[in-house]
Amino acid sequence: MDSLLTEIDHVAIAVFDLEAAIAWYADVFGATVEHREIVEADGVEEALLRVADSYVQLLTPTRDDSPVAKYLEKRGEGLHHVGYRVDDCAHALEVVKQSGSRVIDESPRPGSRGTTVAFIHPKGSFGTLIELVEVGG
Ligand code: CO
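Residues numbered from 1 in each chain as written. Predicted model: local features only at pLDDT ≥ 70, side-chain atom pairs only at ≥ 80, totals over all residues. Heavy atoms only, no water.

J.: Which residues make up the pattern of salt bridges, and what values do they have?
T.: Across all of its chains, the model carries 12 salt bridges by this definition. The partner of arginine 50 in a salt bridge is glutamate 34, and the shortest N-O contact between them spans 2.8 Å. Here arginine 50, found in strand β3 (residues 44-51), pairs with glutamate 34, found in strand β2 (residues 33-39); they are 16 residues apart in sequence, far enough to count as distant. Owing to a relative accessible area of 37%, arginine 50 belongs among the partly exposed residues under this scheme. Taking relative accessible area as the criterion, glutamate 34 reaches 43% and is therefore assigned partly exposed. Aspartate 42 is the partner of arginine 109 in a salt bridge, and the nearest nitrogen-oxygen pair spans 3.3 Å. With arginine 109 in strand β6 (residues 109-110) and aspartate 42 in the loop between β2 and β3, the pair connects residues that are 67 residues apart, well separated along the chain. Residue aspartate 42 is classed as partly exposed on the basis of its relative accessible area of 25%. Put simply, Asp9, Glu34, Arg50, Asp53, Arg85 and Arg113 are held in one network by salt bridges that share partners. (Salt bridge = Lys/Arg side-chain N within 4 Å of Asp/Glu carboxyl O. Helix = DSSP H or I, 4+ residues; strand = E, 2+ residues; numbered from the N terminus. Buried < 20%, exposed > 50% of the residue type's maximum accessible area, 1.4 Å probe, protein only.)

Encoded structure:
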């Protein structure tokens, strides 16, 4: 059986100071921002730094009640979630639900960059918040 996961789309890192994090990745690794976006629905601003066919996604909250703000408050800066690329987000989400694993999104929704995404609850996935990412065609 082929894996439903076709690529690591991004590794998301929660930070307090987006500009400082962007500057650090630029200074140390020479990595530059390819895309920047405020995702109002999630209360975050993100900066995507390309690494081969994947991204490092630096994430910072845009308001105090955003889930990322709460995460930073509780856990501090660091790895927030891993985004796995899938061909069909709705299908992959259905497979996850039928396996009995807990999901956060009951159905796929719009992500940044015109993607379609769904989150899987870390309680059912060995402690890692997972995002299924379908890249629009
Ligand atoms: Co993400």
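J.: Help me get a handle on the side chain of serine 66, residues and values and all.
T.: With respect to the secondary-structure elements, serine 66 resides in the loop between β4 (54-61) and α2 (67-75). Side-chain polar atoms of serine 66 contact the backbone oxygen of glycine 43, separated by 3.2 Å. Those residues within four positions of serine 66 in sequence are excluded, and the remaining contacts are Asp42, Gly43 and Pro61. (Polar contact = N/O pair within 3.5 Å; in protein donor to acceptor, adjacent residues only side chain to side chain. Contact = heavy atoms within 4.5 Å.)

J.: Describe the packing of aromatic side chains, listing the residues and the values that go with them.
T.: Here the distance between the centres and the angle between the planes together describe a pair of aromatic rings. Summed over the entire model, instances satisfying the criterion amount to 3 aromatic pairs. Note on tryptophan 24 and phenylalanine 29: the rings are 5.3 Å apart at their centroids and 90 degrees apart in plane angle, and the pair reads as edge-to-face. On the accessibility criterion, tryptophan 24 (46% relative accessible area) is partly exposed. By relative accessible area, which is 55% here, phenylalanine 29 ends up exposed. Here the aromatic cluster, defined as three or more aromatic residues joined through ring pairs, consists of Trp24, Tyr25 and Phe29. (Phe/Tyr/Trp six-rings, centres within 6.5 Å; stacked < 30°, edge-to-face > 60°.)

J.: Which residues make up α2, and what values go with them?
T.: Listing the buried residues of α2 in full gives Val68, Ala69, Tyr71 and Leu72. Mapping the buried residues of α2 onto a view down its axis gives an arc of 160 degrees, with all of them on the same face. Along α2, exposed side chains directed more than 90 degrees from the buried face belong to Pro67, Glu73 and Lys74. Where α2 is buried, its residues contact β1 (7-14), β3, β4 and β5 (78-85). (Arc of directions from axis to C-beta.)

J.: Tell me about the coordination of the cobalt ion, and name the residues and values.
T.: Bound to the cobalt ion are the protein donor atoms His10 (NE2), His81 (NE2) and Glu131 (OE), situated 1.9 to 2.1 Å from the metal. Spacing between the donor residues of the cobalt ion along their common chain follows H-x70-H-x49-E. A residue pair is termed long-range when its members are at least 10 positions apart, and histidine 10 in strand β1 and glutamate 131 in strand β8 (residues 130-134) qualify at 121 residues. Pair check on accessibility: histidine 10 and glutamate 131 agree, each one buried. (Donors = N, O, S within 2.8 Å, 3.2 Å for Na, K, Ca; no water.)

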